[in-house]
Amino acid sequence: MNAQTVFLIFAGLLAVALAAPRPAGDEKDAQVLRYDNDHNGIDGYNFQVETSNGIQRQEQAQLKQFDDENSALVVRGSYSFTADDGQVYTVNYVADENGFQPEAPHLPK
């Protein structure tokens, strides 16, 4: 992988990590209720996780070949959480050659 590919992967994963909200509640006591993980080597991965404090997240990635020299993982996923107002919010996202692209009705456009 070249430096541009590594940067794209790192930037996408960093954006996902920073965008994930921190819901109020007993986070320190939250338990993982479900965790499924399938790693396909350098071709991609997918996982799902659900915790006892209502957080759910799923994500899948596939290697995309842009040309003979450039490739990167294209990541698609979503996460849900219960906010302080009691409403469940869900964010769907794509992280690809165009950057991190979240979509949700509650996000500004």
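You'll find the protein entered in an unreviewed UniProt entry as AGAP005999-PA-like protein, with Anopheles sinensis given as the organism.

Chemist: For the nonpolar core, give the residues involved together with the corresponding values.
Modeler: Tyr-45, Phe-47, Ala-61, Val-75, Tyr-79, Phe-81, Ala-83, Tyr-89, Val-91, Tyr-93, Ala-95 and Ala-104 together form the largest nonpolar core, which totals twelve residues. For this core, the elements supplying multiple residues, two or more each, are strand E2 (44–51), strand E4 (71–82) and strand E5 (88–96). Looking at which element gives the most residues to this core, the answer is E5, with four residues. Not counting the four nearest positions on each side in its chain, Val-91 is found in contact with Gly-77, Ser-78, Tyr-79, Pro-102, Glu-103, Ala-104, His-106 and Leu-107.

Chemist: Lay out the packing of aromatic side chains in plain terms, naming residues and giving numbers.
Modeler: This model, assessed by the stated rule, comprises five aromatic pairs. Look at Tyr-45 and Phe-47: their rings are 6.2 Å apart centre to centre, the planes differ by 15°, and that puts the pair in the stacked class. Here the two residues Tyr-45 and Phe-47 agree in accessibility, since each one is buried. Considering the side-chain rings of Phe-81 and Tyr-89, the 5.7 Å spacing of their centres and the 25° angle between planes classify their relative orientation as stacked. The exposure class assigned to Phe-81 is buried, which follows from its relative accessible area of 11%. Given the relative accessible area of 17%, Tyr-89 is considered buried. Three or more aromatic residues joined by ring pairs make a cluster, and in this case those are Tyr-79, Phe-81, Tyr-89, Tyr-93 and Phe-100.

Chemist: So what's going on with the side chain of Ser-78? Residues and values would help.
Modeler: The topology assignment puts Ser-78 in strand E4. Here Ser-78 falls in the buried class, since its relative accessible area comes to 12%. Setting aside its immediate chain neighbours within four residues, Ser-78 contacts Gln-56, Arg-57, Gln-58, Val-91, Asn-92 and Tyr-93.

Chemist: Give me the pattern of salt bridges: which residues, what numbers.
Modeler: Pairing is possible between side chains that carry opposite charge, provided their charged atoms lie close to one another. Inspection of the entire model under this criterion finds three salt bridges. The partner of Arg-57 in a salt bridge is Glu-59, with the nearest N and O atoms 2.7 Å apart. Judged by relative accessible area, Arg-57 falls into the partly exposed class, the value being 26%. Note that Glu-97 is salt-bridged to Lys-64, the shortest N-O span being 3.0 Å.

About the cut-offs
Residues numbered from 1 in each chain as written. Predicted model: local features only at pLDDT ≥ 70, side-chain atom pairs only at ≥ 80, totals over all residues. Heavy atoms only, no water. Core = buried A, V, L, I, M, F, W, Y, C linked by side-chain atoms within 4.5 Å. Buried < 20%, exposed > 50% of the residue type's maximum accessible area, 1.4 Å probe, protein only. Helix = DSSP H or I, 4+ residues; strand = E, 2+ residues; numbered from the N terminus. Contact = heavy atoms within 4.5 Å. Phe/Tyr/Trp six-rings, centres within 6.5 Å; stacked < 30°, edge-to-face > 60°. Salt bridge = Lys/Arg side-chain N within 4 Å of Asp/Glu carboxyl O.

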